[in-house]
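A look at the structure
Chain by chain, the residues run as shown.
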Amino acid sequence: MVWFRVGSGVGSVAKHAIRRSLCQGGSYATRTRVLPSQNRYFHTTVLKSKAQAAPVPRPVPLSRLTDSFLDGTSSVYLEELQRAWEADPNSVDESWDNFFRNFVGQAATSPGISGQTIQESMRLLLLVRAYQVNGHMKAKLDPLGLEEREIPDDLDLALYGFTEADLDREFFIGVWRMSGFLSENRPVQTLRAILTRLEQSYCGSIGYEYMHIADRDKCNWLRDKIETPTPRQYNQQRREVILDRLIWSTQFENFLATKWTAAKRFGLEGGETLIPGMKEMFDRAADLGVESIVIGMSHRGRLNVLGNVVRKPLRQIFSEFSGGTKPVDEVGLYTGTGDVKYHLGTSYDRPTRGGRRIHLSLVANPSHLEAVDPVVVGKTRAKQYYSNDVDRTKNMGVLIHGDGSFAGQGVVYETLHLSALPNYTTGGTIHIVVNNQVAFTTDPTAGRSSQYCTDVAKALNVPIFHVNGDDMEAVVHVCELAAEWRQTFHSDVVVDIVCYRRFGHNEIDEPSFTQPKMYKVIRNHPSALDIYQKKLLELGQTTQEDIDRIQNKVNAILNEEFLASKAYVPNRRDWLSAYWAGFKSPEQISRVRNTGVKPEILKSVGKAITALPENFNAHRAVKKIFEQRSQMIEKGEGIDWAVGEALAFATLLVEGNHVRLSGQDVERGTFSHRHSVVHDQETGEKYCPLDHVIMNQNEEMFTVSNSSLSEFGVLGFELGYSMENPNALILWEAQFGDFSNGAQVIFDQFLSSGESKWLRQTGLVVLLPHGYDGQGPEHSSARLERFLQMSDDNPYVIPEMDSTLRKQIQECNWQVVNVTTPANYFHVLRRQLHREFRKPLIVMSPKNLLRHKDCKSNLSEFDDVQGHPGFDKQGTRFKRLIKDQNDHSALEEGIRRLVLCSGKVYYELDEQRKKVKADDVAICRVEQLCPFPYDLAMRELKRYPNAEVVWCQEEPMNMGAYNYVLLRLLTAMKELGRGTMEDIKYVGRAPSAATATGFITVHVKEQAELVEKALQPEPINYPF
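No experiment lies behind these values; they were computed from the predicted model shown.

Calculation criteria
Residues numbered from 1 in each chain as written. Predicted model: local features only at pLDDT ≥ 70, side-chain atom pairs only at ≥ 80, totals over all residues. Heavy atoms only, no water. Core = buried A, V, L, I, M, F, W, Y, C linked by side-chain atoms within 4.5 Å. Buried < 20%, exposed > 50% of the residue type's maximum accessible area, 1.4 Å probe, protein only. Helix = DSSP H or I, 4+ residues; strand = E, 2+ residues; numbered from the N terminus. Axes fitted to C-alpha atoms, helices over the stretch in contact; angles between N-to-C directions. Parallel < 35°, antiparallel > 145°, perpendicular 65-115°, else oblique. Left-handed = near helix turned anticlockwise from the far one by under 90°. Contact = heavy atoms within 4.5 Å. Nonpolar A, V, L, I, M, F, W, Y, C, P; charged D, E, K, R; others polar. Disulfide = S-S within 2.5 Å. Salt bridge = Lys/Arg side-chain N within 4 Å of Asp/Glu carboxyl O. Polar contact = N/O pair within 3.5 Å; in protein donor to acceptor, adjacent residues only side chain to side chain. pLDDT = per-residue confidence, 0-100. Pairing = 2+ DSSP bridges.

Below, the discussion takes up the nonpolar core. Grouped together as the largest cluster of nonpolar side chains are 140 residues, with contacts concentrated most on Leu647, Phe747 and Ile842. When residues of this core are assigned to their parent elements, the largest contribution, nine residues, is made by helix α21 (residues 641-654). Core analysis: the next-biggest nonpolar cluster, separate from the first, contains 94 residues, Leu159, Met211, Ile497 and Leu558 among them.

Okay, structure coming up:
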């Protein structure tokens, strides 16, 4: 006699189990048999003798079995139950008696419903589960009918031992704590009725994938929605609204195709049902409490979404097709370079069907298809913070993807991966895939290894709804269901609209070169509008006159807007958020402000950030660090890097600003220097001193968070977060600067060029640990040269440098700094908010300077007291260039060499200068490389009129700041009549492919040589 255990993978395991144990009339073998199916198996064991029988367990009726029975988790209990039954059949419930009789080949004495046996109940249970798991494989998803999919065996009735003769027999298959077909209060039904409803639920125009979700409540919620006894129905009024929206979607594309036949517009033809689907989704979301939606999408269908969903003025879209016009009638006009029409964003307050209003923002994005994903999620999270949306139900993100990019772009997973992380979650994002079934010219078989383009989402507990894009009402249904899921469970959900692309990748592309069979079908395929109109006419829900009336109305409006577009001139910048009102454009002067802080405030916040709770058991080394920090504040000297940073954060918090720092390991800091979150060694409890700077501080006002091991996704998130509100200091720190190129797309397409392309400012701060310490080629360089090469300041033109007229930073695309003192770091961070505009800040942050004995500042350098170090004619602020520290006068004719450098190499040069007593060498630090401090560089050149000019750096000649500084320094020297390019000498490493050597001995030798050379008594040859 044998016992069997069925694993939870119903597919091949159930198939083999049923074939072997159920369909073959009870022929059982007494051996273990392992069947390959993702490490699950079909198992048989020989039972022990009756003499070893376990105590009799309490019997459980079948109707109270949970679906965990199918997982095999109850196998031990059931095996004991079987032993008890063997000893005495009367000791167990009648249903179990019947169950075991069937398995040992005895006739069932209790016929049940229509002769139903426990064995048949088990088969039927497995059949229902098979539909729940694999019904989508039989669903009619492809509107073109080209997809050839093999229907799984486990959807075959015969596999479960049922025949045609069983179709009209009645069955009961209730299971305790289950919903849908398996709920215990379901009525008795015939097998035919059960099968019909299973087919309607799982094999129609919608394919549901949700059985990978481990949460029973979520699965039950979906079963209730999917397996409802009556199919979805819309009344005549709803259908008229849906039809109107579909006509708008279709006519919009037709109109553009007629007016601009040769223009690229990446139209939505073949997927027009997206627009009504989105509108219905937003209406439903608004009914459920959503007030604001941030949308991200690539170019396919973007213009349709802009015009019909987000309600960008049609005349403006048409004007852009005709070449566009730069904005006028605006003080401080700044138009940037602009971008193509299908990359632009906008925002609009849209009325919903339910009488509410919902704010929609479509974020501008580049052609890098999925790069906008984390930006949208970050912006959504910021909206939730500023609107105090603690439950994350008022603000929602919606991402529209392509099938090829959803499967192929890694940032999709990086963004999905953030969805449940405490400091990154937004309470769920709705993902809509516009599945054209082809990516440019690439078929799905060549574009992905998985069956569906959405399979990456199965890594999370995310339901996936595949829907035939030609079934208008099915699209509406899943879009509404997605909104309900998001608002109920606050997690991501995917809608996969399987449609097609009527034309090529763009309208002037020829798709038949690569997909001849598909496009032969498409040429003769009716549009979704034709299909839906025909359906409503057949149902008598509309008339041809009604359809004509709507189409005429839409065409009239489109033509009216087209005529108006010819005279259209945009008259204002279209900021996405009211928080930005009053901020200056690059063409409006913004006053330079002091960044010093009152001494009493510094002392007060200094005590708060260096104190730990009395009974807090910090690690003894961390406790010592905090004691030392407390001494720094008390004595007002020896302030190190970490304390300087914490003071910047704390003073901004006191001023009412939000501060958020994220990245890999930022809570402790890669180099164990920050310790912004301290862990109790006994309880594991966490304490963040910066959460206690002001009374009743909002717990998110200061946020420091370790991120997932992602650069692209997390930097994109923080960029989106920073774009929502200017009154916040948002920082992302790379673990090492070398790893930041994992986010190169964000630097290239958004951070360096976003303001120029889309008129969107951001004050995001990027901290990139940089410096040559002998740690090898992947732990030395943040690739400073790349950020400088992307800077847009003109190397041959010295801008207006008068402090009252200066717009140099405003006119540059970003700032790049390599700071060498804690006080200057403090000021450059505070400067980000103490101005009337926002610019990204790239910081080459230090590594060994974090604990360097000379890299310290006095507290007086942080304050605003006249006469204190750092206070000059204009107050206390960031020093773009730090002059030589040897107290030189305004004119030093005896200095033979002026060494200009940036970053930590200064300290090595200064130490060498003291060692060789080279007092006739001046060393100046260029703290802000971009935009270049021409005025200060020229001040130093005038101070040392007879000095040989040298640029010294640690990086190889083809890297670092050399090539950037060279041209700008030359421009400054020419202005002063100081010579030519040959008069600028180079000291540093030779050109190299790798950033640094991997041999510590070679590194030490190279470093010593360049420092010695910079201070050698004899002149330095050109160029080195």
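Still more ground to cover, so stick around.
Two elements in contact, helix α7 (residues 236-259) and helix α8 (residues 274-287), have axes separated by 8 Å at closest approach and are oriented at 130°. Of the possible angle classes, the one that applies to α7 and α8 is oblique. As for the relative orientation of α7 and α8, their crossing is right-handed in sense. Contacts from Arg238, Val241, Ile242, Arg245, Leu246 and Ser249 in α7 reach Ile275, Pro276, Lys279, Glu280 and Asp283 in α8. Class assignment for the residues of the contact of α7 with α8 results in five nonpolar, one polar and five charged.

Simply put, the disulfide is a covalent bond whose two ends are the sulfur atoms of two cysteines. Under the defined criterion, the tally for this structure stands at zero disulfides. With no disulfide partner, Cys812 has as its closest neighbouring cysteine sulfur the one in Cys930, 3.5 Å distant.

What follows is about the pattern of salt bridges. Under the criterion given, the structure shown has 51 salt bridges. For Arg192, the salt bridge goes to Asp168, with nearest N and O atoms at 3.0 Å. A residue pair is termed long-range when its members are at least 10 positions apart, and Arg192 in helix α5 (residues 191-202) and Asp168 in the loop between α4 (118-134) and β3 (170-171) qualify at 24 residues. Its relative accessible area of 40% is what places Arg192 among the partly exposed residues.

Attention now goes to helix α6 (residues 216-226). Among the residues making up α6, those that are buried are Lys218, Cys219, Asn220, Trp221, Leu222, Arg223 and Ile226. Its side-chain oxygen at 2.8 Å from the backbone nitrogen of Asp217, Asp215 defines the N-terminal cap of α6.

The next thing to look at is the confidence of the model for the protein. In this model, the protein carries an average pLDDT of 85, and 84% of its residues clear a pLDDT of 70 or more. Low confidence marks residues 1-75, where pLDDT is under 50. Its contacts with residues over four positions away, or in another chain, come to 150 contacts. Below a pLDDT of 50 lies the segment residues 329-333, which in the model reaches 11 contacts outside its immediate sequence neighbourhood of four places, other chains included.

A word on the environment of Phe465. Tracing the backbone through its elements, the reader meets Phe465 in strand β11 (residues 464-468). Along the chain, Phe465 and Val494 lie 29 residues apart, while their C-alpha atoms are 6.2 Å from each other. Beyond its immediate chain neighbours, meaning those up to four positions away, Phe465 contacts Gly207, Tyr208, Leu222, Val478, Leu481, Ala482, Val493, Val494, Val495 and Asp496.

Another aspect to go through is the sheet that holds strand β10 (residues 429-435). Spatial strand order, β5-β11-β12-β10-β9-β6-β8-β7: eight strands in an open sheet with mixed pairing. One side of each edge strand has no neighbouring strand; the edge strands of this open sheet are β5 (206-209) and β7 (346-351). Strand-to-strand, the axes of this sheet are offset by a mean angle of 20°, without reference to chain direction. Here strand β9 (residues 395-402) runs beside β10; their pairing, made up of six bridges, is parallel. The residue of β10 that forms the bridge with Ile400 is Ile432. Sheet contacts for helix α11 (residues 373-386): β6 (292-297), β8 (357-362), β9 and β10; angle to β9, the most-contacted strand, approximately 170°. Strands β5, β9, β10, β11 and β12 (493-498) of the sheet are contacted by helix α15 (residues 472-489), whose axis makes an angle of about 165° with β11.

Hydrogen bonds between backbone atoms are what pair the strands of a sheet, whose relative direction is either parallel or antiparallel. Spatially, five strands are ordered β23-β25-β24-β27-β28 in an open sheet, and the strand pairing comes out mixed. Each edge of the sheet is formed by a strand with only one pairing partner; in this case those strands are β23 (881-882) and β28 (984-989). Across the sheet, helix α31 (residues 1000-1014) is in contact with β24 (897-901), β27 (948-956) and β28; its angle to β28 comes to roughly 160°.

The residue Gln437 is located in the loop between β10 and α14 (444-447) in this model. Look at Gln437 and you get buried, because its relative accessible area is 13%. Contacts of Gln437, omitting those with residues within four sequence positions, involve Asp142, Pro143, Leu144, Asp403, Pro444, Val498, Cys499 and Met518.

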